[in-house]
Amino acid sequence: MSLKSFDKFCESLILTEPGSEKIIYDERQKIMQMKLGVETLIIFGAAAVLNCLVMDLFYQYAESYTMPIVIFMMLCAYYYNFRCAAKDCLIGINGAKALKYSSVSSIFVGIGLSAQFILRERDSYLPIADGQLSDDLLFSIAAVLGLGYGITMLILVGHIEKKKNGQSE
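Read on for a plain summary of the structure. Remember, predicted model here, so these are calculated numbers, not experimental data.

**Section: the pattern of salt bridges**
Side chains bearing opposite charge may pair, as long as their charged atoms lie close to each other.
And then number 1: Overall, the coordinates contain four salt bridges when judged by the stated rule.
And then number 2: A salt bridge links Glu161 to Lys100; the shortest N-O distance between them is 3.0 Å. Of this pair, Glu161 sits in helix α5 (residues 135–168) while Lys100 sits in helix α4 (residues 97–118), and the two are 61 residues apart along the sequence.
And then number 3: Residue class for Lys100 comes out partly exposed when judged on its relative accessible area of 34%.

**Thoughts on the side chain of Thr40**
And then number 1: Counting through the fold element by element, Thr40 comes out in helix α2 (residues 27–58).
And then number 2: Excluding its chain neighbours within four sequence positions, the residues that come into contact with Thr40 are Cys76, Tyr79 and Tyr80.

**Brief notes about the nonpolar core**
And then number 1: Judged by nonpolar contacts, Leu36, Cys84, Ala85, Cys89, Leu90, Ile91, Ala96, Leu99, Met153, Leu156, Val157 and Ile160 together constitute the single largest core of twelve residues.
And then number 2: Where this core is concerned, the elements lending two or more residues are α3 (66–86) and α5.
And then number 3: In terms of residue count, α5 provides more of this core than any other element does, four residues in total.
And then number 4: Apart from residues no more than four positions distant in its own chain, Ala85 is found in contact with Leu90, Leu156 and Ile160.
And then number 5: With nine residues, the next largest nonpolar core counts Ile71, Tyr78, Leu138 and Leu145 among its residues.

**Remarks on α4**
And then number 1: Here α4 spans 31 Å end to end across 22 residues, near enough to the 32 Å set by a 1.5 Å rise per residue.
And then number 2: Listed as buried for α4 are Leu99, Ser103, Ser106, Ile107, Gly110, Ser114 and Phe117. For α4, the buried positions fall inside an angular range of 105° around the axis, keeping them on one side. Among the exposed residues of α4, those pointing more than 90 degrees away from its buried face are Tyr101, Phe108 and Val109.

Reading the values: rules and limits
- Per chain, residues are indexed from 1 in the order of the written sequence.
- Residue-level local features of this predicted model are given only where pLDDT is at least 70; pairs of side-chain atoms are given and counted only at 80 or more, and the full residue set underlies all totals for whole chains, interfaces and linings.
- Values reported for side chains reflect all heavy atoms of the structure, with hydrogen atoms and water molecules removed beforehand.
- A pairing counts as a salt bridge when a side-chain nitrogen of Lys or Arg comes within 4 Å of a carboxyl oxygen of Asp or Glu.
- Secondary structure elements are taken from DSSP: a helix is a run of H or I of four residues or more, a strand is a run of E of two residues or more, and numbering for both begins at the N terminus.
- Buried, partly exposed and exposed residues are distinguished by accessible area as a fraction of the type maximum, computed with a 1.4 Å probe on protein chains only: under 20%, between the cut-offs, and over 50%, respectively.
- Residue contacts follow a heavy-atom distance rule, with two residues in contact if any of their heavy atoms lie within 4.5 Å.
- Nonpolar cores are built from buried Ala, Val, Leu, Ile, Met, Phe, Trp, Tyr and Cys residues. Side-chain atoms within 4.5 Å join them into one set.
- By this rule the span expected of a helix is its residue count minus one, scaled by 1.5 Å.
- To obtain the arc, one takes the directions from the helix axis to the C-beta atoms.

Written out as structure tokens, the structure reads:
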């Protein structure tokens with residue numbers, strides 16, 4: 001059995017496993033994703049530390065420390081996926097079925113969290129409380145960012161798949 005046929009055999013074992021929707025990346029994609037992941041984590045860590053410093057030492061602009069960090073997390077997720085798409089390491093060798101599922105689930109979570117604020121009483125929603133951004137406002141922003149994340153991921157995956165299909169023909 002040659003090395004190439006052994007690779008095909010192993011790939012078929014992995015992909016034909018029931019319920020397996022694993023994404024398979026080549027080595028270049030794995031290395032690039034690792035570099036971009038570390039870069040994104042550094043940016044997120046710096047933003048979180050800067051947020052805490054500003055809120056401790058200068059001005060507490062939000063009710064809690066957590067909600068701005070959640071928004072930074074969503075923005076870093078956007079950054080990571082756009083950078084992966086630009087470096088051609090967002091979609092693996094076997095397609096983007098798992099990415100589509102996660103994008104759709106992100107859309108449903110964003111819709112559910114956004115509906116919480118659409119259906120609530122208007123009197124209880126205060127965007128600014130005591131000179132600070134309220135957690136309600138920041139949470140609704142994070143929910144909309146989550147919804148937008150799912151939509152942009154579907155658009156990115158569709159665009160990349162269309163580009164790959166155009167190159168293979």
